[in-house]
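If you want the building blocks of each chain, they are given just below.
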Amino acid sequence: MKIISDIQELRDHLRGQNRASFVPTMGNLHEGHLSLMRLARQHGDPVVASIFVNRLQFGPNEDFDSYPRTMQDDIEKLEREGVYILFAPTERDLYPQPQEYRVDPPHQLGDILEGEFRPGFFKGVCTVVLKLFSCVQPKVAVFGKKDYQQLMIIRQMAKQFALPVDIIPGETIRAEDGLALSSRNGYLSSQERAEAPELQKILQQVRHQVLDLGARNTQALSEIEKLAESTLAKRGWEPDYIAIRQQSDLAPPSNESLQGGEPLVILTAAKLGKTRLIDNLEI
Ligand code: PAF
């Protein structure tokens, strides 16, 4: 595997390749990321991964400095997956000047759910992803469904800018007890780790209530959301949101769309101790 930090050198290596398949990451790779590498391999060749902890998407009180950086371990994992190039720019490589041009996603997608609790997050994500696309110029790029809203926002960005990149979604990989794999799981104490699968369990209960109990009006949905939040809170979590939304645009469903059988997704973010976890479940 070639490890490249310089944009020009990356372009030189990829010259003439028009089927590259790209997986952007922030490193600290786990089985979830590796499954995205395998998916990337099915959709193009060569597979290019990136590792870059993107300062622009972290808020002032977030974990940019303490975000786990495990480059040597990550390199070994990517080598085992047969990744052709690892693009691992430094901040100076990717942002040689302050990044003043930014991609601002629309308010109705970028400032809800994660965007409400992490202001500027999706602006930082879209800006770096557009820049990484411009460096790698892939034919396809793979994003995990664990970051459901991110996936949707990047898809819309690619569409609205007519980027020549197909965005491929990868399924969430879970531990045996149901906890979605995430680099931030490493922050959990052993007691918190034992509690963490409750987040997915509560989403399954919500899905059960929506499907089996036939909750098909907005009032019933909002009661289910509130009940789920208070159940989590009673177990010691600090929920930011549990929201039942339309899969198509993440907007709250209307009574008409519910009756029309609109596909839904339940999204959640909640803090357990100091660790903020997110998860989702399609209905
Ligand atoms: O999902 C992530 O790891 C990051 O948000 C991404 C897409 C690599 C952009 O920094």
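See the structure above.
Throughout, residues of each chain are indexed from 1 in the direction in which the sequence is written. Under the rules for a predicted model, residues below a pLDDT of 70 receive no local features and side-chain atom pairs below 80 are neither given nor counted, while totals for whole chains, interfaces and linings still include all residues. Only hydrogens and water are removed before side-chain values are computed, so all heavy atoms of the structure are retained for them.

Trainee: Would you mind showing me how to read helix 11 (residues 218-234) here?
Mentor: Along an α-helix, residues three or four positions apart point the same way, because every turn accommodates 3.6 residues. Helical segments are the DSSP runs of H or I of at least four residues, strand segments are the runs of E of at least two, and each set is numbered from the N terminus. Helix span is expected to be 1.5 Å times the residue number reduced by one. The end-to-end C-alpha distance of helix 11 is 24 Å, a good match for the 24 Å that 17 residues give at a rise of 1.5 Å each. Classification of residues uses two cut-offs on accessible area relative to the type maximum, computed with a 1.4 Å probe and protein chains only: under 20% is buried, over 50% is exposed, and between them is partly exposed. Listing the buried residues of helix 11 in full gives Ala220, Leu221, Ile224, Glu225, Ala228 and Leu232. The buried side chains of helix 11 occupy one side of the element, clustering within an arc of 140° when seen end-on. The outward face of helix 11, more than 90 degrees from its buried face, is lined by the exposed residues Gln219, Lys226 and Lys234. Those residues of helix 11 that are buried are in contact with helix 10 (198-212), strand 7 (238-246), helix 12 (255-259) and strand 8 (264-272). The directions from the helix axis to the C-beta atoms are what the arc is built from. When checking whether two residues touch, look at their non-hydrogen atoms; a contact exists if any pair is within 4.5 Å.

Trainee: Even after reading the chapter, I still don't get the environment of Leu221, so can you show me in this structure?
Mentor: As for its position among the elements, Leu221 is in helix 11. When its relative accessible area of 4% is taken as the criterion, Leu221 is described as buried. A C-alpha to C-alpha distance of 36 Å links Leu221 and Arg102, two positions 119 residues apart in sequence.

Trainee: Where do I start with the site of the ligand in this structure?
Mentor: Taken together, Pro24, Thr25, Met26, Asn54, Gln57, Val125, Val128, Phe143, Asp147 and Gln150 are the residues near the ligand. Contacts described as polar in this section are N or O atom pairs within 3.5 Å, which, within protein, must combine one atom able to donate a hydrogen with one able to accept it, while residues neighboring in sequence count only if both atoms come from side chains. Here Gln57 contributes a side-chain N or O atom positioned 2.7 Å from an oxygen atom of the ligand. Between the ligand and the protein, one listed contact pairs an oxygen atom with a side-chain N or O atom of Gln150 at 2.7 Å. With the chains in place, 89% of the 290 Å² that the ligand exposes on its own is no longer accessible. If you list the elements that add at least two residues to the shell around the ligand, you get strand 2 (21-25) and helix 7 (121-136). Whether a residue is near a molecule or strand depends on its heavy atoms: if one lies within 4 Å, it is near. Using a 1.4 Å probe, the Shrake-Rupley method yields the accessible areas, and only the shown protein chains count as cover for residues.

Trainee: Sorry if this is basic, but what is going on with the nonpolar core here?
Mentor: Note on soluble globular proteins: their nonpolar side chains tend to be buried together. Throughout, nonpolar core names a set of buried Ala, Val, Leu, Ile, Met, Phe, Trp, Tyr and Cys residues whose side chains join them through atoms within 4.5 Å. Residues Phe133, Ile167 and Leu250 are the most contacted members of the largest nonpolar core, which totals 46 residues. Secondary structure elements with two or more residues in this core: helix 1 (7-14), strand 4 (85-87), helix 7, strand 5 (140-144), helix 8 (148-160), strand 7 and strand 8. For this core, the element with the highest residue contribution is helix 7, accounting for 10 residues. Excluding anything up to four places from it in sequence, Phe133 contacts Phe22, Pro138, Ala141, Phe143, Leu163, Val165 and Ile167. By size, the runner-up hydrophobic cluster in this structure holds 22 residues, among which are Leu199, Leu221, Ile224 and Ile266.

Trainee: Whenever I open this one, helix 2 (residues 31-43) confuses me. Can you help?
Mentor: With 13 residues, helix 2 extends 19 Å from end C-alpha to end C-alpha; this agrees with the ideal 18 Å at 1.5 Å per step. Burial in helix 2 covers these residues: Gly32, His33, Leu34, Ser35, Leu36, Met37, Leu39 and Ala40. Elements that come into contact with the buried residues of helix 2 comprise strand 2, strand 3 (47-51), helix 3 (71-80), strand 5 and strand 6 (166-170).

Trainee: Is there a simple way to think about unusual backbone geometry in this case?
Mentor: Here the amide bond leading from Asp45 into Pro46 is cis, since omega sits at 0°, within 30 degrees of zero. Here the phi dihedral of Asn28 falls at roughly 55°; this positive angle occurs in a residue that is not glycine. The exposure class assigned to Asn28 is buried, which follows from its relative accessible area of 17%. For Leu250, which is not glycine, the phi torsion reads 60° and is therefore positive. Along the chain, Leu250 falls in the loop between strand 7 and helix 12. When its relative accessible area of 0% is taken as the criterion, Leu250 is described as buried.

Trainee: Is there a simple way to think about the sheet that holds strand 8 in this case?
Mentor: Adjacent strands of a sheet form backbone hydrogen bonds with each other and so pair up, either parallel or antiparallel. Strands pair, by our definition, only if DSSP identifies at least two bridges between them. Taken in spatial order, the three strands make up an open sheet running 7-8-9, and their pairing is antiparallel. In this open sheet, the two edge strands, each paired with only one partner strand, are strand 7 and strand 9 (275-282). On average, adjacent strands in this sheet sit at an angle of 10° to one another, irrespective of strand direction. Relative to strand 9, strand 8 runs antiparallel, the two sharing eight bridges. Looking across to strand 9, one finds that Val265 is bridged to Glu282. Sheet strands touched by helix 11: strand 7 and strand 8. Its angle to strand 7, the strand with the most contacts, is close to 155°. For helices, the fitted line uses only the C-alpha atoms of the stretch in contact; every axis is such a line through C-alpha atoms, and the angle between N-to-C directions lies from 0 to 180 degrees.

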